[in-house]
Amino acid sequence: MNAREEILGRVERVTPTRPAAEVAASYDRIDRGYLRRHHEDGILDLFAERVADYRATVLRVSPSEVASTVAERLSARPGSYGVPGGVPEEWLTAAGSSLVRDPDVASLDGLAGAVTGCAAAIAETGTIVLDHGAAQGPRALSLVPDYHLIVVLAGQVAADVPEALERLDPRRPLTFVSGPSATSDIELSRVEGVHGPRTLEVLVVQ
């Protein structure tokens, strides 16, 4: 027995694994009688406002404007941009040769940024959720480059957290993005770009 097995064995003896049916039953007993939706109207306006509060740039575009806007934003920052598989080609038709498809992890630090879609978004909190499926790429792609451009479709924006969680698969690796990376751990001084992109731009397609 190695050290890992020994430690896990001790944990198991103290807190034995519960049968899956028992765990499921305990979750079913949780009272979920709370208000699940606080907003009915102006969901996209609220989302744009809350995202901007985090010092992210929000651009509202029509479907026909996505490609030109993506190209415009990328041209403002010279360099190459990582693009995961599954990103619709119509988003990228005007972006030129600056795109690196499905970049490997070793090359991420040399990219100027990344362009992705998302799995869901939350108006109440101004949060964008990635589950790293199609059009989103691995988690490292959204964390290592200094710039992240996320395309959010109007239909992906949920009013509140409970509604958004219902759309997500908890078995997937979920990344919740609320503005550019920032911390105030040291003397309450805000520093951006410590744990992820320093610059976040969001295209809301409606």
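Look a little higher up for the structure.
Residues numbered from 1 in each chain as written. Predicted model: local features only at pLDDT ≥ 70, side-chain atom pairs only at ≥ 80, totals over all residues. Heavy atoms only, no water.

1. Examining the pattern of salt bridges
Enumeration according to the criterion identifies 11 salt bridges in this entry. Among the ionic pairs, Glu201 bridges to Arg73, the shortest N-O distance being 2.7 Å. Linking Glu201 in strand β12 (residues 199-205) with Arg73 in helix α4 (residues 66-75), this pair joins segments that are 128 residues apart in sequence. Residue classification places Glu201 among the buried positions, given a relative accessible area of 6%. In this structure, the salt-bridge partner of Arg167 is Glu163, at a minimum N-O distance of 2.9 Å. In this pair, Arg167 and Glu163 are both assigned in helix α6 (residues 161-167), 4 residues apart and thus about one turn of the helix distant. The class for Arg167 is partly exposed, based on a relative accessible area of 39%. Salt bridges sharing partners connect three or more residues here, namely Glu72, Arg73 and Glu201. (Salt bridge = Lys/Arg side-chain N within 4 Å of Asp/Glu carboxyl O. Helix = DSSP H or I, 4+ residues; strand = E, 2+ residues; numbered from the N terminus. Buried < 20%, exposed > 50% of the residue type's maximum accessible area, 1.4 Å probe, protein only.)

2. Section: the sheet that holds strand β6 (residues 127-130)
Here 4 strands make up an open sheet; going across it, the order is β8-β5-β6-β9 and the pairing mixed. Only two strands of the sheet have a single partner each, and these edge strands are β8 (157-158) and β9 (175-177). Both strand β5 (residues 120-122) and β8 contribute to a ladder of 2 bridges, which runs parallel. Paired with Ile122 across the bridge in β8 is Ala158. (Pairing = 2+ DSSP bridges.)

3. Some remarks on helix α1 (residues 3-14)
The end-to-end C-alpha distance of α1 is 17 Å, a good match for the 16 Å that 12 residues give at a rise of 1.5 Å each. Backbone nitrogen of Arg4 and a side-chain oxygen of the N-cap are separated by 3.2 Å at the start of α1; the cap is Asn2. (Expected span 1.5 Å × (residues − 1). Polar contact = N/O pair within 3.5 Å; in protein donor to acceptor, adjacent residues only side chain to side chain.)

4. Re the environment of Ala52
Locating Ala52 in the fold gives a position in helix α3 (residues 43-53). Note: C-alpha distance between Ala52 and Ser178 (126 residues apart in sequence) is 9.8 Å.

5. Here we look at the packing of aromatic side chains
For the coordinates displayed, the defined rule picks out 1 aromatic pair. Residues Tyr81 and Tyr147 carry aromatic rings whose centres are separated by 6.0 Å and whose planes lie at 80° to one another, so their mutual orientation is edge-to-face. Residue Tyr81 is found in strand β2 (residues 81-83), and its partner Tyr147 is found in strand β7 (residues 147-153); the two are separated by 66 residues along the sequence. Taken as a pair, Tyr81 and Tyr147 share a single burial class, namely buried. (Phe/Tyr/Trp six-rings, centres within 6.5 Å; stacked < 30°, edge-to-face > 60°.)

6. Considering the pairing of β12
Looking along a regular strand, one sees side chains alternate from face to face of the sheet. Within β12, 7 of the 7 residues are buried, which leaves it mostly tucked inside the rest of the structure. Of the two faces of β12, the one carrying Thr199, Glu201, Leu203 and Val205 and the one carrying Leu200, Val202 and Val204 are both buried. Two strands pair when backbone bridges link them, and strand β1 (residues 57-61) and β12 are joined in this way by 5 bridges, in the parallel orientation. The residue bridging Val58 from the neighbouring strand is Val202, located in β12. Bridge analysis of β7 against β12 gives 7 bridges, and the strand direction is parallel. Bridge pairing in β12 places Ile150 opposite Val202.

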